[in-house]
Amino acid sequence: MKIQAYKVSKIVDYLKELLEEDMFLCSILVQGEVSNFRKHSAGHMYFSLVDEQASLRCCMFNNDAQHLKFAPKNGDMVRIYGRISVYKKMGDVQFVGELMEPAGQGKIYHDIEALKVKLDAEGVFDNRRDVPQYPNKIAIVTSPTGAAVWDIINTIKRRNPLIKLVVVPTLVQGAEAPQDIADAIEFTNTHSGADILIVGRGGGSAEDLGAFNTEIVARAVFGSKIPVISAVGHEIDWTICDAAADMRAATPTAAAELATTPTLAEMAQILQWQIQGLAEAMEGRLRVCRVRLANRHYRLSPQRELAKINTQRGALERRDMAMGHAMMSKIGRIKSGLTAQIHILEKISPLAVLQRGFVVVTQPDGKIIHDGRKLAAGQKVGLQFADITREAEIL
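Reading the values: rules and limits
- Residues numbered from 1 in each chain as written.
- Predicted model: local features only at pLDDT ≥ 70, side-chain atom pairs only at ≥ 80, totals over all residues.
- Heavy atoms only, no water.
- Helix = DSSP H or I, 4+ residues; strand = E, 2+ residues; numbered from the N terminus.
- Rg over C-alpha atoms; globule rule 2.2 N^0.38 Å.
- Buried < 20%, exposed > 50% of the residue type's maximum accessible area, 1.4 Å probe, protein only.
- Contact = heavy atoms within 4.5 Å.
- Pairing = 2+ DSSP bridges.
- Axes fitted to C-alpha atoms, helices over the stretch in contact; angles between N-to-C directions.
- Parallel < 35°, antiparallel > 145°, perpendicular 65-115°, else oblique.
- Left-handed = near helix turned anticlockwise from the far one by under 90°.
- Nonpolar A, V, L, I, M, F, W, Y, C, P; charged D, E, K, R; others polar.
- Salt bridge = Lys/Arg side-chain N within 4 Å of Asp/Glu carboxyl O.
- Patch = residues over 30% accessible without salt bridge, like charges linked within 9 Å, V, L, I, M, F, W, Y side chains within 5 Å.
- Areas by Shrake-Rupley, 256 points an atom, 1.4 Å probe, with all protein chains shown as cover.

Secondary structure summary: the protein contains 11 helices and 13 strands in total. The globule rule puts the C-alpha radius of gyration for 395 residues at 21 Å, and the 60 Å found for the protein is more than 25% above it. With respect to the principal axes defined by its C-alpha atoms, the protein has extents near 200 × 60 × 55 Å. Counting over 395 residues, the protein shows a buried share of 31%. Sequence separation of 24 or more characterises 61% of the internal contacts of the protein that already satisfy a separation of 6 or more.

What follows is the structure in structure tokens.
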């Protein structure tokens, strides 16, 4: 017998019609806690209603959402009137809300907040040790089949391929996940020899991340002897595990980057700078030592005394030269004065008169005859010319 095969759209259309025409499901009131709330730019709201055992996808379109008298958020307990439908493109069953009203605080949210207060009072959130900057081995506690583990491994190997890695597999969601995560952390502390422990998982709904909001996981992280980097979900996700860890990373990839900062290439550059700085420091020190040694050698060598003698000799030579210049200057001034006096004497000298043609008449004894009337005939006299002396007789 040949069995007919139906198209996927045919089956989904059938389910959609079946649910939307059901008398019970077409108009019901549902109560639950808001989770994974997000609001679209067009005004539509998408979220889940959850309780301790189940989760229901919900949406409220803008034409109904704009009439709400409060702003719903994660953790709110609400009552929503609406209908069950099927989102054909994804094949998801969803509850389409038309009216919503608050119904108090959700139990899940309340329990998480109460656990936060309790652990904070006990100092569980004060665990802030320094994460090693140059680890040799990093342990990863996460699901071995998720994308997160490969993001971490690939990032670490790319940034520093010398680091050893050990993956400790664990459940990351479900009822058994909290104990499994705690056991994996304890096992890693006992057997791995790791320097850093990354605990986390990839993104998911608030319910998917629930294992990391439990007391047993928080205490296991707090009790770890190995510094812990918590990497749960995405940037917007926050868990109690994050608060208990030594460092919180926005994503698993970010955790790998934090654990390998600086990278191997950056460490090589830092080492090169340190070597260069040490070489320059040593060269500077050697220069100082050479100068000191030369000074000591100079003080102890005969050349120092010779240098002193040369210095003193130079000083004496400069003094002698200065004195010589001073004496020559004084002699010059004296010569100038004498020359001036000689010129004066020459002007008033009798010889200057004789050179103009005059004659001096003297007696034989050399006395000058001033009065010619006293001369007698036959008397001998001397005639003093400018350049010669002659005798004469008075007639």
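What follows deals with the sheet that holds strand β13 (residues 389-393). Reading across from one edge, β11-β12-β13 is the order of the 3 strands in this open sheet, with antiparallel pairing throughout. Two strands in the sheet have a free side with no partner beyond their single neighbour: β11 (360-362) and β13. Neighbour-to-neighbour, the strand axes of the sheet open up by a mean angle of 30°, direction not taken into account. Pairing analysis gives 3 bridges linking β11 to strand β12 (residues 380-384), with the strands arranged antiparallel. Its bridge partner being in β12, valine 360 is matched across the sheet by glutamine 384.

Here we come to the side chain of threonine 214. One can find threonine 214 in the loop between β8 (196-201) and α6 (215-222). Once you skip the residues sitting within four places of it in the chain, threonine 214 turns out to touch Leu115 and Pro178.

Here we come to the packing of helix α4 (residues 147-159) against helix α8 (residues 252-259). Running from N to C, α4 and α8 cross one another at 30°; their axes reach a closest spacing of 8 Å. In terms of axis orientation, α4 runs roughly parallel to α8. As for the relative orientation of α4 and α8, their crossing is right-handed in sense. Along the contact surface, α4 presents Ala148, Asp151, Ile152, Thr155, Ile156 and Arg159, while α8 presents Pro252, Thr253, Ala256 and Glu257. Of the residues contributing to the contact of α4 with α8, the split by class is 5 nonpolar, 2 polar and 3 charged.

Turning to the pattern of salt bridges, a few remarks are in order. In this structure the tally under the stated criterion is 15 salt bridges. A salt bridge links glutamate 235 to arginine 248, with the shortest nitrogen-to-oxygen separation between them at 4.0 Å. Taken together, the positions of glutamate 235 in the loop between β9 (228-232) and α7 (240-244) and arginine 248 in strand β10 (residues 247-248) put the pair 13 residues apart, joining distant regions of the chain. Classification of glutamate 235 by relative accessible area gives exposed; the value is 52%. The partner of arginine 290 in a salt bridge is glutamate 283, with the nearest N and O atoms 3.7 Å apart. Taking the relative accessible area as the measure of exposure, arginine 290 reaches 48% and is therefore partly exposed. Counted as one network, the salt bridges with shared partners bring together Lys118, Glu122, Glu215 and Arg219.

Let us now look at a nonpolar patch on the surface. Together, Tyr6, Ile11, Tyr14, Leu15 and Leu18 make up an exposed nonpolar region whose accessible area comes to about 530 Å². Along the chain, the position of isoleucine 11 falls in helix α1 (residues 8-20). Isoleucine 11 sits in the partly exposed class, given a relative accessible area of 41%.

Read across the open sheet, the 5 strands follow the order β7-β6-β8-β9-β10; overall the sheet is parallel. In this open sheet, the two strands that pair with only one neighbour each are β7 (164-169) and β10. By the bridge criterion, 4 bridges tie strand β6 (residues 137-142) to β8 in an arrangement that is parallel. Its bridge partner lying in β8, isoleucine 138 is registered against isoleucine 196.

With an omega of 10°, the peptide bond between threonine 261 and proline 262 qualifies as cis. Its location among the elements puts proline 262 in the loop between α8 and α9 (264-300). Phi at asparagine 36 is positive, roughly 55°, even though this residue is not glycine. Along the polypeptide, asparagine 36 turns up in strand β1 (residues 28-39). In this structure asparagine 36 comes out as partly exposed when scored by relative accessible area, which is 29%.

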